[in-house]
Amino acid sequence: MYAQNAVQFHYQISMKQALSQRFQVTLNATGLTGPVVDLKMPVWMPGYYQLINYAAALDSFKVTDSNNQPVSWQQTSSSTWRIAHKTGTALQVSYHIKASQAFVAQPWLDTGHAYIAPTGIFLYAENYLNHPVTVSISPFTASQTVATGLPAIHDQPLTWQAANFDILYDSPFLIGQLEQLPDFTVQHIPHHFIGWQMGQFDRTSFQQDLKKIVTTASGIIGHIPYYQYTFLAIGPGRGGIEHLNSTTISFSGEELQSPNGRLRMLSFIAHEYFHHYNVKRIRPVALGPFDYSRENRTSQLWVSEGLTVYYEYMILRRAGIMSNEQLLEHFQQLTASYENRTGHLHQTLAQASEFT
Ligand SMILES: [Zn+2]
């Protein structure tokens, strides 16, 4: 196949409209075959087990061809844009995404920083999920940097490559004046911790605990299946989402200052980290490859989440961060909250897994 006919997807993300909290997104697609191309916005983010209407945040949709002439399109469902297409013609698609909901499964943009939850930003072309995609990002100011688990393309500044759309949808970006803690290695593999507004805390002792967590968690399985791992700390808030070689976590350094807050934060980080094994790689068959146009339900979440909760405490104990007494206290609290609620009398674990 000649290069000019190869299927290529390139995204450019501009943060110029940060004041109105809109990402400007441009997609250049070549090599697609006609007569129509269906572009779709996901309704599902891996790791977050509910439908999300990402398409509702999209506006100003436009399509032109390689001669800059308008191309006709129509919206055929709430999340589908059908474009009239001649095979051999390149398409340039542009749109805006309003990003004003601060939540771990939603994109966010202001003048100070941005978070790209990829399922809320990037359209995919139906039947082309397996193709590679490149992404270039223009931050709001030159002093802002970009953190992501994706590999950078070295001769193109601020440009990254994903082997396919599944990898892209599993790779968030954090942009802003970011702070990066010194990298550490486990089994010779580098681990990065990069955050925005991380607050006041003892960075050295935190990083020592983080390394103990990664060493202990990976020691349970014995093999580290990635080439690098990135913790993306997106600022204060609640929640995290696990990915193959990164995790997004809400993070506030101040929480580390009380003994209980520290245990809570470290067990949360151990939980999200251990998910790169249990749910991302050891997983129910329904959880990948995903159909992004609908829910992906499984009756096995009690294994993916339940065993991960068990191991988050076991990892802290084995790492020497939590005492035997503290471990038993946590399990006692979990057992008491299970016994004191009536849910288990009405619903099996499998039912609870499917209808979270
Ligand atoms: Zn979890």
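Bear in mind that the values here come from a model prediction, so they are computed numbers and not experimental data.

**Let's talk about the domain arrangement of the protein chain**
Link 1 in the chain: Domains assigned within the protein chain are domain 1 (9-176) and domain 2 (179-338).
Link 2 in the chain: When each unit is reduced to the centre of its C-alpha atoms, the spacing between domain 1 and domain 2 is 28 Å.
Link 3 in the chain: Summed over both partners, the interface of domain 1 with domain 2 buries about 2,500 Å², with 66% contributed by carbon and sulfur atoms.
Link 4 in the chain: If you sort the residues of domain 1 by the area they bury against domain 2, Trp 44, Tyr 49 and Asp 170 come out on top, with a joint share of 26%.
Link 5 in the chain: The interface formed by domain 1 and domain 2 contains one salt bridge.
Link 6 in the chain: With a shortest N-O distance of 2.9 Å, Asp 170 and Lys 280 are connected by a salt bridge.
Link 7 in the chain: There are eight residue pairs in polar contact (both at pLDDT 80 or more) connecting domain 1 and domain 2.
Link 8 in the chain: Looking at the side of domain 1 that touches domain 2, the elements with two or more residues in it are strand 4 (44-45), strand 5 (48-51), strand 11 (113-116), strand 14 (145-148) and helix 1 (165-169).

**Structural notes on the coordination of the zinc ion**
Put simply, the ideal angle at a metal is 109.5 degrees for four donors in tetrahedral geometry and 90 or 180 degrees for six donors in octahedral geometry.
Link 1 in the chain: Only His 271 (NE2), His 275 (NE2), Glu 305 (OE) and Glu 305 (OE) from the protein coordinate the zinc ion, and they sit 2.1 to 2.8 Å from it.
Link 2 in the chain: Each of the four donor atoms bound to the zinc ion contributes to angles spanning 51 to 149°, and the resulting shape is irregular.
Link 3 in the chain: Here the donor residues for the zinc ion map to a single chain with the spacing H-x3-H-x29-E. In this pair, His 275 sits in the loop between helix 3 (259-274) and helix 4 (301-318) while Glu 305 sits in helix 4, placing the two residues 30 residues apart along the sequence.

**Description of helix 3**
Link 1 in the chain: An ideal rise of 1.5 Å per residue puts 22 Å on 16 residues; helix 3 measures up with 22 Å between its terminal C-alpha atoms.
Link 2 in the chain: Extensive coverage of helix 3 is indicated by the burial of 13 of its 16 residues.

**Some thoughts on the packing of helix 2 (residues 203-221) against helix 4**
Link 1 in the chain: Running from amino to carboxyl end, helix 2 crosses helix 4 at an angle of 115°, the nearest separation of the two axes being 9 Å. By crossing handedness, the relation of helix 2 to helix 4 is classed as right-handed. Residues Ile 213, Thr 216, Ala 217 and Ile 220 of helix 2 lie in contact with helix 4, whose contacting residues are Tyr 311, Ile 315, Leu 316 and Arg 318.
Link 2 in the chain: Tallied by class, the residues present in the contact of helix 2 with helix 4 amount to six nonpolar, one polar and one charged.

What counts, and at which threshold
- Residues numbered from 1 in each chain as written.
- Predicted model: local features only at pLDDT ≥ 70, side-chain atom pairs only at ≥ 80, totals over all residues.
- Heavy atoms only, no water.
- Domains from an automatic or database assignment.
- Buried area = accessible area lost by both parts, 1.4 Å probe.
- Salt bridge = Lys/Arg side-chain N within 4 Å of Asp/Glu carboxyl O.
- Polar contact = N/O pair within 3.5 Å; in protein donor to acceptor, adjacent residues only side chain to side chain.
- Helix = DSSP H or I, 4+ residues; strand = E, 2+ residues; numbered from the N terminus.
- Donors = N, O, S within 2.8 Å, 3.2 Å for Na, K, Ca; no water.
- Tetrahedral: all angles 85-135°; square planar, octahedral: opposite > 155°, others 65-115°.
- Expected span 1.5 Å × (residues − 1).
- Buried < 20%, exposed > 50% of the residue type's maximum accessible area, 1.4 Å probe, protein only.
- Axes fitted to C-alpha atoms, helices over the stretch in contact; angles between N-to-C directions.
- Left-handed = near helix turned anticlockwise from the far one by under 90°.
- Contact = heavy atoms within 4.5 Å.
- Nonpolar A, V, L, I, M, F, W, Y, C, P; charged D, E, K, R; others polar.

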